[in-house]
Amino acid sequence: PPPAAPPTGAPPETVIPGSSRLIGPRLCVERTFTVRVQGTNIARVIFFIDNKRVRTVSQPDRLGRFLLRIDATRYSRRSHRVRAQVFFTAASRTASRTHRLTFRRCAAASIAPRFTG
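About the criteria used
- Residue numbers restart at each chain and count upward from 1, following the sequence in its written direction.
- This being a predicted model, a pLDDT of at least 70 is required before a residue's local features are given, and a value of 80 or more before pairs of side-chain atoms are given or counted; all residues contribute to the totals for chains, interfaces and linings.
- Only hydrogens and water are set aside when side-chain values are computed; all heavy atoms of the structure are taken into account.
- Secondary structure is summarised from DSSP: a helix means a run of H or I of at least four residues, a strand means a run of E of at least two, and numbering begins at the N terminus for each.
- Working definition: with a 1.4 Å probe on protein chains only, accessible area under 20% of the residue-type maximum means buried, over 50% means exposed, and in between means partly exposed.
- In this analysis, two residues are considered to be in contact whenever any of their non-hydrogen atoms come within 4.5 Å of each other.
- Exposure was quantified through the Shrake-Rupley algorithm and a 1.4 Å probe, taking into account, for residues, occlusion by the shown protein chains and nothing else.
- Being paired, for any two strands, means DSSP has found at least two bridges between them.
- In this description, a line fitted to the C-alpha atoms serves as the axis of each element, helices being fitted only across the stretch in contact, and the angle between N-to-C directions of two axes falls anywhere from 0 to 180 degrees.
- Here a cavity is any set of points on a 1 Å grid over the protein atoms alone where a 1.4 Å probe fits but cannot get out, and a pocket is any open set with protein on both sides within 12 Å along at least 5 of 7 lines; a residue lines the site when it has an atom within 4 Å of a point.
- Grid points are joined across faces, edges and corners, and a volume is the space filled by probe spheres set on the points.
- Disulfides are defined as pairs of cysteine sulfur atoms found within 2.5 Å of each other.

Enquirer: Explain the overall build of the protein chain to me, please; I cannot follow it from the model alone.
Expert: Each helix and strand in the protein chain was counted, giving 0 helices and 8 strands. Counting across all 117 residues of the protein chain, residues that qualify as buried make up 27%. When contacts within the protein chain are restricted to residue pairs at least 6 apart in sequence, long-range pairs at least 24 apart make up 59% of them. In the structure as shown, the protein chain presents an accessible area of about 8700 Å², 52% of it carried by carbon and sulfur atoms.

Right under this line is the structure:
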């Protein structure tokens, strides 16, 4: 029998899955800080603070990061939750992911009065 002919048609599609990670401070913060999401095949990131939607980022910066700047002085000294919902490109065939981070504003430094004698 003759050998089987190689299959014709398009080569199999290569799927590169999406990945992401959230980077930011995990202790107390005093001033403005940046929370960033890095990864591959990210389409957009929706940021929430204390379950309130604060920003949607559809374009990464020149380094490929999706950024949210947070002014800690606008928040009370209790703990606050940052949630980043990451959506990937359709070609990556990756389901959306949610990352969480907790921050709190540092307590005011107490300065003892100078002894006046």
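Having seen it, we continue.
Enquirer: Sorry if this is basic, but what is going on with the sheet that holds strand β4 (residues 42-49) here?
Expert: For sheets, the rule is that strands pair by backbone hydrogen bonds, running either parallel or antiparallel. With respect to topology, 5 strands assemble into an open sheet ordered β2-β8-β7-β4-β5, the strand pairing being mixed. Edge positions in the sheet fall to β2 (28-29) and β5 (52-57), since each has one partner strand and no second.

Enquirer: Quick question: what am I supposed to make of the sheet that holds strand β6 (residues 66-71) here?
Expert: The strand order across the open sheet formed by 3 strands is β1-β3-β6, and the pairing between neighbours is antiparallel. Each edge of the open sheet is held by one strand with a lone partner, namely β1 (19-23) and β6. Along the sheet, successive strands turn relative to each other by an average axial angle of 15°, direction set aside.

Enquirer: Would you take a moment to explain the layout of surface pockets for this structure?
Expert: One water molecule sets the probe size; rolling that probe over the atoms shows where empty space is left. In this model, the largest pocket occupies a volume close to 150 Å³. Taken together, Ile 49, Lys 52, Val 54, Leu 68, Arg 69, Ile 70, Asp 71, Arg 74 and Tyr 75 make up the full set of residues lining the largest pocket. Going through the elements one at a time, β5 and β6 are the ones with two or more residues in the lining of the largest pocket. A per-element tally of the lining of the largest pocket places β6 first, with 4 residues.

Enquirer: Hey, could you run me through the environment of Pro 60 in this one?
Expert: Relative to the helices and strands, Pro 60 resides in the loop between β5 and β6. In this structure, the C-alpha to C-alpha distance between Pro 60 and Val 37, residues 23 residues apart in sequence, is 9.2 Å. If we skip the residues at most four places from it in the chain, Pro 60 touches Arg 65 and Phe 66.

Enquirer: Can you help me understand the state of the cysteines in this one?
Expert: Defined simply, a disulfide is a covalent bond joining two cysteines at their sulfur atoms. Applying the stated criterion to the full structure yields 1 disulfide. A sulfur-sulfur distance of 2.2 Å marks the disulfide that ties Cys 28 to Cys 106. Disulfide Cys 28 to Cys 106: torsion about the S-S bond roughly 85°, handedness right-handed. One end of the pair, Cys 28, is in strand β2; the other, Cys 106, is in the segment after β8 (97-105), with 78 residues separating them in the sequence. Of the residues examined, Cys 106 reaches a relative accessible area of 11% and is grouped as buried.

This is a description of form; function is not addressed.
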